[in-house]
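Take a look at the letters that make up each chain.
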Amino acid sequence: MITAQAFMAEASAAGFDFYTGVPCSYLTPLINGVLSNRALRYVGAASEGEAVAIAAGAWLAGRKPVAMCQNSGLGNMVNPLTSLNAPFAIPTLLVTTWRGRPGEPDEPQHVVMGEITHDLLGLMGIAHAPFPNTEAEIAGRLRAAVAAMDETQLPFAFVMAKGDVADTTLDQSPRDLPAPGRRADYRTGGTRPTRVAALERFLALTDDATAVIATTGKAGRELFTLADREQHLYQVGSMGGASGMALGVALNTDKRVVVIDGDGAALMKLGTFATIGAEAPANLIHLLLDNGVHDSTGGQATVSASVDFAAVALACGYGYAASCDDLAGFEQAWREATAAGRPAMIHLRIAPGSMATLGRPTVTPQAVARRFKAFLAG
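Throughout what follows, the structure given in this document is the object of discussion.

Cut-off values and rules
Residues numbered from 1 in each chain as written. Predicted model: local features only at pLDDT ≥ 70, side-chain atom pairs only at ≥ 80, totals over all residues. Heavy atoms only, no water. Pairing = 2+ DSSP bridges. Helix = DSSP H or I, 4+ residues; strand = E, 2+ residues; numbered from the N terminus. Axes fitted to C-alpha atoms, helices over the stretch in contact; angles between N-to-C directions. Phe/Tyr/Trp six-rings, centres within 6.5 Å; stacked < 30°, edge-to-face > 60°. Buried < 20%, exposed > 50% of the residue type's maximum accessible area, 1.4 Å probe, protein only. Lys, Arg positive; Asp, Glu negative; His and termini not counted. Salt bridge = Lys/Arg side-chain N within 4 Å of Asp/Glu carboxyl O. Contact = heavy atoms within 4.5 Å. Left-handed = near helix turned anticlockwise from the far one by under 90°. Nonpolar A, V, L, I, M, F, W, Y, C, P; charged D, E, K, R; others polar. Core = buried A, V, L, I, M, F, W, Y, C linked by side-chain atoms within 4.5 Å.

### Concerning the sheet that holds strand S15 (residues 344-349)
Phase 1: Taken in spatial order, the seven strands make up an open sheet running S7-S14-S15-S11-S10-S8-S9, and their pairing is parallel. Two strands in the sheet have a free side with no partner beyond their single neighbour: strand S7 (182-186) and strand S9 (232-234). Going across the sheet, the axis of each strand differs from the next one's by a mean of 15 degrees, ignoring polarity.
Phase 2: Sheet topology note: the strand S8 (residues 211-214)/strand S10 (residues 257-262) ladder contains four bridges and is parallel. Across the sheet, alanine 211 pairs through a bridge with valine 257, a residue of S10.

### Details of the packing of aromatic side chains
Phase 1: Evaluated as defined, the whole model comprises eight aromatic pairs.
Phase 2: Relative to phenylalanine 309, the ring of phenylalanine 273 lies with its centre 6.3 Å away and its plane at 35 degrees, an arrangement referred to as tilted. With phenylalanine 273 in helix H11 (residues 271-279) and phenylalanine 309 in helix H12 (residues 309-315), this residue pair connects regions lying 36 residues apart in the sequence.
Phase 3: Residue phenylalanine 309 is classed as buried on the basis of its relative accessible area of 0%.
Phase 4: Ring centres of phenylalanine 372 and phenylalanine 375 lie 6.5 Å apart, and the angle between their planes is 40 degrees; this geometry places the pair in the tilted category. A residue pair is termed a helical-turn pair when its members lie 3 or 4 positions apart in one helix, as phenylalanine 372 and phenylalanine 375 do in helix H14 (residues 365-377) at three residues. Comparing phenylalanine 372 with phenylalanine 375, the two get one shared label, buried.

### Digging into the sheet that holds strand S3 (residues 65-69)
Phase 1: The six strands are arranged S2-S1-S3-S4-S6-S5 in an open sheet whose pairing can be described as parallel. The sheet is open, and its two borders are formed by strand S2 (41-44) and strand S5 (127-130), each paired with just one other strand. Taking each pair of neighbouring strands and ignoring which way they run, the sheet shows an average axis angle of 20 degrees.

### Brief notes about the side chain of aspartate 261
Phase 1: Here aspartate 261 shows up in strand S10.
Phase 2: Despite its burial, aspartate 261 remains without a salt bridge, the nearest opposite charge being carried by lysine 269 at 11 Å.
Phase 3: Residues contacting aspartate 261, with those up to four places away along its chain left out, are Thr215, Ser243, Ala266, His286, Leu287, Leu288 and Leu289.

### Things to note about the packing of helix H7 (residues 195-205) against helix H13 (residues 327-337)
Phase 1: Viewed as axis vectors pointing N to C, H7 and H13 meet at an angle of 35 degrees, and their least axial separation amounts to 11 Å. Pair H7 / H13 crosses with right-handed handedness. Contact with H7, carried on its side by Ala197, Ala198, Arg201, Phe202 and Leu205, involves Leu327, Phe330, Glu331 and Trp334 of H13 and no other residues of that element.
Phase 2: The residue makeup of the contact of H7 with H13, split by class, is seven nonpolar, no polar and two charged.

### Let's talk about unusual backbone geometry
Backbone phi values are negative for most residues with the exception of glycine, while trans is the configuration of most peptide bonds.
Phase 1: Look at alanine 89: it is not a glycine, yet its phi comes out positive at around 55 degrees.
Phase 2: Owing to a relative accessible area of 5%, alanine 89 belongs among the buried residues under this scheme.
Phase 3: If you check the backbone angles, serine 238 has positive phi at about 45 degrees while not being a glycine.
Phase 4: Here serine 238 lies in the loop between S9 and helix H9 (242-250).
Phase 5: Look at serine 238 and you get buried, because its relative accessible area is 4%.

### A few points about the nonpolar core
Phase 1: Counting residues in each nonpolar core, the largest one holds 75 residues, and the members touching the most others are Leu60, Phe202, Ile260 and Ile346.
Phase 2: Considering every element that reaches this core, the biggest residue donor is helix H3 (residues 48-60), with seven residues.
Phase 3: Among all residues touching phenylalanine 202, those that are not within four sequence positions of it are Val212, Val258, Ile260, Leu287, Phe330 and Trp334.
Phase 4: Core analysis: the second largest hydrophobic core is formed by 32 residues, Val34, Leu40, Ala129 and Phe158 among them.

### Quick word on the pattern of salt bridges
Phase 1: In this structure the tally under the stated criterion is 16 salt bridges.
Phase 2: Arginine 38 is the partner of aspartate 171 in a salt bridge, and the nearest nitrogen-oxygen pair spans 3.6 Å. With aspartate 171 in the loop between strand S6 (156-160) and S7 and arginine 38 in the loop between helix H2 (28-36) and S2, this residue pair connects regions lying 133 residues apart in the sequence.
Phase 3: For the salt bridge of arginine 349 with aspartate 290, the shortest nitrogen-to-oxygen distance reads 2.8 Å. Within this pair, whereas arginine 349 is found in strand S15, its partner aspartate 290 is found in strand S11 (residues 284-290), the two being separated by 59 residues in sequence. Per residue, the accessibility class of arginine 349 equals that of aspartate 290, and both read buried.
Phase 4: A cluster of three or more residues bridged by salt bridges with shared partners is formed by Arg41, Arg175 and Glu279.

This is a description of form; function is not addressed.
Right under this line is the structure:
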């Protein structure tokens with residue numbers, strides 16, 4: 001058994017400086033230690049997949065992240081680990097617990113995952129090792145993990161057993177409730193713009209110093225077709241993860257960060273709205289292009305017609321939220337969002353459909369990630 005302080009000290013010496021995750025009783029001592037350490041940043045995620053996306057964004061912004069979860073939450077991590085970290089080659093240190101360890105009494109819901117935890121990590125191509133449970137092991141295990149991530153540019157996982165870390169008292173500062181945000185409504189009920197028209201207007205309004213993360217699907221493909229720039233990151237998988245990634249970036253850069261989201265993706269990870277509102281990065285603008293359908297898969301309707309995303313954002317702590325359905329309203333909302341001083345949401349309802357001849361990014365995801373990382377460091 002080790003102390004959280006001992007692990008944090010060696011992890012900090014190895015460069016790990018950003019933590020995110022979802023709690024587990026086995027993780028309680030380590031999470032309590034991180035939360036109680038004012039020199040470290042911990043972002044509590046709404047889901048384990050969101051934590052992976054947040055950690056990926058933090059890495060792009062120059063941090064060395066740790067994402068923590070119960071092994072049952074590995075199921076929620078599978079999609080971003082395989083379709084975000086793998087293609088973009090983003091290394092992250094994972095700490096997963098081992099509930100349901102064979103031969104160790106546990107709750108029935110942990111039996112299956114306990115049996116397959118190591119196999120699941122292996123199937124995803126994620127090297128892993130036992131979490132260090134003696135102080136003599138910590139530095140060496142961390143060096144091996146760093147070496148593996150440096151070589152593969154992929155995540156590495158520690159598997160934590162019950163009792164690996166001694167009890168740690170929680171000393172967490174209470175979170176202040178945000179002041180109510182401002183609502184703007186610029187809907188006219190007229191003909192809705194196309195996504196490409198909205199992106200063209202966005203490109204005219206933004207500048208070369210703004211980081212842009214476009215959600216998977218046709219939003220990123222159209223943005224690439226219109227203008228491929230070093231500050232653009234086109235997410236090719238991990239549907240719903242763009243907003244979490246943008247949060248991880250925004251918390252670790254002074255640059256303005258815009259996430260171009262879609263209605264289907266936003267609905268998939270609606271909990272990220274709450275995390276964004278709570279963390280309250282002043283430099284984040286959430287642009288939600290809502291065409292009411294899953295455009296990349298044949299135009300099946302989403303449920304967005306009955307969702308007031310601007311109201312949801314305000315309820316989650318955003319400082320500004322606008323509803324609009326034409327380009328004039330979007331332009332007005334953009335001007336106000338850039339001056340909001342807190343996370344801002346622009347919910348723009350657009351027409352279904354896409355460009356007639358729409359290609360895909362010709363830059364590899366790994367190259368996109370590296371140039372985006374270099375842009376943020378510049």
